[in-house]
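# Inside the fold
Listed below, chain by chain, are the residues.
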Amino acid sequence: MPSAVFYDLEFTAWQGSMEGRWLAPGQFREVVQIGAVKVDARTLATQAELSVLAKPRLNPVLSDYFQQLTGVTNAVLAERGMDFRAAYDRFVNFAGDGPILSFGRDDLVLAHNLSLYGIKDAEPLPEHRNFAAWLRDHGVATKGLHACDVARVCGASFDGREHDALDDARSLVAGLRALIARGVRNPLESVA
(Lines give C-alpha, C1' and ligand atoms only; values in the text may rest on other atoms or scores of the structure.)
Protein backbone atom coordinates (compact mmCIF):
# COMPACT_ATOMS: atom_id res chain seq x y z
CA MET A 1 0.00 0.00 0.00
CA PRO A 2 1.76 3.22 -1.14
CA SER A 3 2.14 5.84 1.54
CA ALA A 4 3.43 9.36 2.11
CA VAL A 5 4.63 11.11 5.24
CA PHE A 6 3.71 14.62 6.33
CA TYR A 7 6.19 15.92 8.86
CA ASP A 8 7.22 18.97 10.83
CA LEU A 9 10.26 19.98 12.84
CA GLU A 10 10.80 22.09 15.91
CA PHE A 11 14.33 23.41 16.25
CA THR A 12 16.20 25.60 18.70
CA ALA A 13 15.02 29.18 18.73
CA TRP A 14 15.35 32.34 20.75
CA GLN A 15 13.36 35.56 20.90
CA GLY A 16 13.98 37.20 17.52
CA SER A 17 15.91 34.28 16.00
CA MET A 18 13.37 33.70 13.23
CA GLU A 19 13.37 37.36 12.21
CA GLY A 20 17.19 37.33 12.35
CA ARG A 21 17.30 34.07 10.35
CA TRP A 22 19.39 32.38 13.07
CA LEU A 23 22.42 34.50 12.11
CA ALA A 24 23.30 35.74 15.60
CA PRO A 25 26.48 34.23 17.05
CA GLY A 26 25.87 30.80 18.57
CA GLN A 27 22.40 30.37 17.09
CA PHE A 28 21.87 27.18 15.13
CA ARG A 29 18.66 25.51 13.98
CA GLU A 30 19.27 22.30 15.90
CA VAL A 31 16.37 19.84 15.59
CA VAL A 32 14.58 19.22 18.89
CA GLN A 33 11.41 17.45 17.70
CA ILE A 34 10.38 15.52 14.61
CA GLY A 35 6.67 14.83 14.23
CA ALA A 36 5.30 12.80 11.35
CA VAL A 37 2.04 11.31 10.09
CA LYS A 38 2.13 8.47 7.57
CA VAL A 39 -0.95 8.33 5.34
CA ASP A 40 -2.25 6.05 2.63
CA ALA A 41 -1.43 7.98 -0.55
CA ARG A 42 -4.80 7.20 -2.12
CA THR A 43 -7.28 7.51 0.77
CA LEU A 44 -5.22 9.76 3.11
CA ALA A 45 -6.15 7.49 6.00
CA THR A 46 -3.63 7.75 8.82
CA GLN A 47 -1.45 4.64 9.01
CA ALA A 48 0.98 5.61 11.78
CA GLU A 49 2.40 8.55 13.68
CA LEU A 50 5.85 9.37 15.04
CA SER A 51 7.10 11.93 17.53
CA VAL A 52 10.74 11.92 18.64
CA LEU A 53 12.78 14.39 20.65
CA ALA A 54 16.41 15.11 19.82
CA LYS A 55 18.92 16.63 22.22
CA PRO A 56 20.73 19.58 20.63
CA ARG A 57 24.51 19.25 20.83
CA LEU A 58 25.68 22.85 20.44
CA ASN A 59 22.96 24.55 22.50
CA PRO A 60 21.90 21.75 24.86
CA VAL A 61 19.84 24.03 27.13
CA LEU A 62 16.56 25.08 25.52
CA SER A 63 15.70 28.78 25.71
CA ASP A 64 12.71 29.95 27.73
CA TYR A 65 11.29 31.25 24.44
CA PHE A 66 11.49 27.79 22.83
CA GLN A 67 10.01 26.05 25.86
CA GLN A 68 7.02 28.41 25.95
CA LEU A 69 6.52 28.18 22.18
CA THR A 70 6.62 24.39 21.87
CA GLY A 71 5.87 23.01 25.31
CA VAL A 72 9.07 20.96 25.14
CA THR A 73 10.96 21.65 28.35
CA ASN A 74 14.51 20.92 29.35
CA ALA A 75 13.18 18.33 31.83
CA VAL A 76 11.14 16.53 29.14
CA LEU A 77 14.10 16.61 26.78
CA ALA A 78 16.42 15.17 29.44
CA GLU A 79 13.94 12.38 30.11
CA ARG A 80 12.80 11.46 26.59
CA GLY A 81 15.33 13.00 24.22
CA MET A 82 17.82 11.06 22.12
CA ASP A 83 20.81 12.01 20.03
CA PHE A 84 19.93 13.68 16.72
CA ARG A 85 21.41 10.78 14.73
CA ALA A 86 19.08 8.29 16.43
CA ALA A 87 16.07 10.59 15.91
CA TYR A 88 16.98 11.12 12.25
CA ASP A 89 17.37 7.37 11.68
CA ARG A 90 13.99 6.69 13.30
CA PHE A 91 12.36 9.25 11.02
CA VAL A 92 13.97 7.89 7.85
CA ASN A 93 12.98 4.33 8.81
CA PHE A 94 9.44 5.51 9.60
CA ALA A 95 9.15 7.31 6.24
CA GLY A 96 10.16 4.27 4.22
CA ASP A 97 10.09 4.62 0.44
CA GLY A 98 7.26 7.11 0.02
CA PRO A 99 7.68 10.85 -0.36
CA ILE A 100 7.96 13.16 2.64
CA LEU A 101 6.10 16.48 2.69
CA SER A 102 6.66 19.49 4.93
CA PHE A 103 5.45 23.06 5.07
CA GLY A 104 8.54 24.56 3.45
CA ARG A 105 12.00 23.07 3.26
CA ASP A 106 12.41 21.17 6.51
CA ASP A 107 14.49 18.70 4.51
CA LEU A 108 17.19 21.38 4.36
CA VAL A 109 17.11 21.77 8.15
CA LEU A 110 17.63 18.01 8.54
CA ALA A 111 20.51 18.11 6.04
CA HIS A 112 21.98 21.12 7.88
CA ASN A 113 21.91 19.19 11.15
CA LEU A 114 23.72 16.24 9.55
CA SER A 115 26.38 18.65 8.31
CA LEU A 116 26.51 20.60 11.57
CA TYR A 117 27.27 17.41 13.47
CA GLY A 118 29.62 15.94 10.86
CA ILE A 119 27.35 12.96 10.12
CA LYS A 120 28.39 11.68 6.69
CA ASP A 121 27.07 8.10 6.67
CA ALA A 122 23.34 8.73 7.27
CA GLU A 123 20.69 7.24 5.02
CA PRO A 124 19.42 9.83 2.56
CA LEU A 125 15.99 11.31 3.01
CA PRO A 126 13.22 10.04 0.75
CA GLU A 127 11.95 12.34 -1.99
CA HIS A 128 10.92 15.64 -0.39
CA ARG A 129 7.95 17.72 -1.52
CA ASN A 130 7.28 21.28 -0.38
CA PHE A 131 3.63 21.21 0.69
CA ALA A 132 3.57 25.01 1.09
CA ALA A 133 4.36 25.42 -2.61
CA TRP A 134 1.54 23.03 -3.50
CA LEU A 135 -0.86 24.98 -1.28
CA ARG A 136 0.12 28.25 -2.99
CA ASP A 137 -0.45 26.62 -6.39
CA HIS A 138 -3.99 25.85 -5.19
CA GLY A 139 -4.91 29.33 -3.99
CA VAL A 140 -3.88 29.16 -0.33
CA ALA A 141 -1.98 32.26 0.80
CA THR A 142 0.83 30.84 2.94
CA LYS A 143 2.88 33.97 3.69
CA GLY A 144 3.34 34.39 7.42
CA LEU A 145 1.79 31.01 8.19
CA HIS A 146 3.21 28.02 10.00
CA ALA A 147 2.32 24.34 9.66
CA CYS A 148 -0.09 24.65 12.59
CA ASP A 149 -2.13 27.21 10.60
CA VAL A 150 -2.72 25.00 7.55
CA ALA A 151 -5.76 23.10 8.83
CA ARG A 152 -7.55 26.32 9.76
CA VAL A 153 -6.85 28.22 6.53
CA CYS A 154 -7.99 25.19 4.52
CA GLY A 155 -11.27 24.98 6.43
CA ALA A 156 -10.49 22.17 8.88
CA SER A 157 -10.28 22.29 12.64
CA PHE A 158 -7.00 22.18 14.53
CA ASP A 159 -7.29 20.71 18.01
CA GLY A 160 -3.61 20.28 18.79
CA ARG A 161 -0.91 22.39 20.36
CA GLU A 162 0.62 24.90 17.97
CA HIS A 163 4.34 24.32 17.42
CA ASP A 164 4.21 20.71 18.56
CA ALA A 165 5.76 18.93 15.59
CA LEU A 166 3.32 15.99 15.60
CA ASP A 167 0.26 18.21 15.96
CA ASP A 168 1.59 20.49 13.22
CA ALA A 169 2.04 17.47 10.91
CA ARG A 170 -1.56 16.51 11.72
CA SER A 171 -2.57 20.05 10.70
CA LEU A 172 -1.00 19.54 7.27
CA VAL A 173 -2.94 16.31 6.74
CA ALA A 174 -6.19 17.89 7.93
CA GLY A 175 -5.68 20.80 5.54
CA LEU A 176 -5.08 18.47 2.61
CA ARG A 177 -8.15 16.39 3.45
CA ALA A 178 -10.27 19.57 3.63
CA LEU A 179 -9.08 20.77 0.22
CA ILE A 180 -9.66 17.38 -1.40
CA ALA A 181 -13.19 17.30 0.10
CA ARG A 182 -13.78 20.59 -1.78
CA GLY A 183 -12.64 19.07 -5.06
CA VAL A 184 -8.90 19.73 -5.22
CA ARG A 185 -7.01 16.87 -6.81
CA ASN A 186 -4.98 14.65 -4.46
CA PRO A 187 -1.29 15.56 -4.99
CA LEU A 188 -0.29 12.03 -3.92
CA GLU A 189 -2.10 10.24 -6.76
CA SER A 190 1.23 9.70 -8.51
CA VAL A 191 2.43 7.77 -5.45
CA ALA A 192 -0.61 5.49 -5.35
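Structure shown above.
Residues numbered from 1 in each chain as written. Predicted model: local features only at pLDDT ≥ 70, side-chain atom pairs only at ≥ 80, totals over all residues. Heavy atoms only, no water.

### Focus: the sheet that holds strand S5 (residues 100–102)
Our working definition: Criterion used throughout: strands pair if DSSP finds at least two bridges between them. Helix and strand definitions follow DSSP, with helices as H or I runs of at least four residues and strands as E runs of at least two, each counted in order from the N terminus. The contact criterion used throughout is that any non-hydrogen atoms of two residues lie within 4.5 Å. The angle between two axes is taken between their N-to-C directions and runs from 0 to 180 degrees, where each axis is a line fitted to C-alpha atoms and a helix contributes only its stretch in contact.
On the basis of which strands lie adjacent, the open sheet formed by six strands has the order S4-S3-S2-S1-S5-S6 and mixed pairing. Each having just a single partner strand, strand S4 (82–83) and strand S6 (128–130) make up the two edges of the open sheet. Judged from the three bridges that link them, S5 and S6 form a sheet pairing that is parallel. Within S6, the residue paired with Ile 100 across the bridge is His 128. On the sheet, helix H4 (residues 106–116) packs against strand S1 (3–11), strand S2 (31–40), S5 and S6 and is oriented at approximately 60 degrees with respect to S1. Sitting on the sheet, helix H7 (residues 165–181) is in contact with S1, S2, strand S3 (46–55) and S5, with an inclination near 35 degrees to S2.

### Overview of the side chain of Gln 33
Counted only if it meets this: Exposure classes here rest on a 1.4 Å probe applied to the protein chains alone. A residue is buried below 20% of its type maximum, exposed above 50%, and partly exposed in between. Counted as a polar contact is a pair of N or O atoms within 3.5 Å, where, for protein atoms, one must be capable of donating a hydrogen and the other of accepting one, and residues adjacent in sequence contribute only when both atoms are in side chains.
Mapped onto the secondary structure, Gln 33 falls in strand S2. By relative accessible area, which is 3% here, Gln 33 ends up buried. Of the polar contacts made by the side chain of Gln 33, one reaches the side chain of Ser 51; its length is 3.1 Å. Setting aside residues up to four positions removed in sequence, Gln 33 forms contacts with Asp 8, Leu 9, Glu 10, Ser 51, Val 52, Leu 53, Val 72, His 163, Asp 164, Ala 165 and Leu 166.

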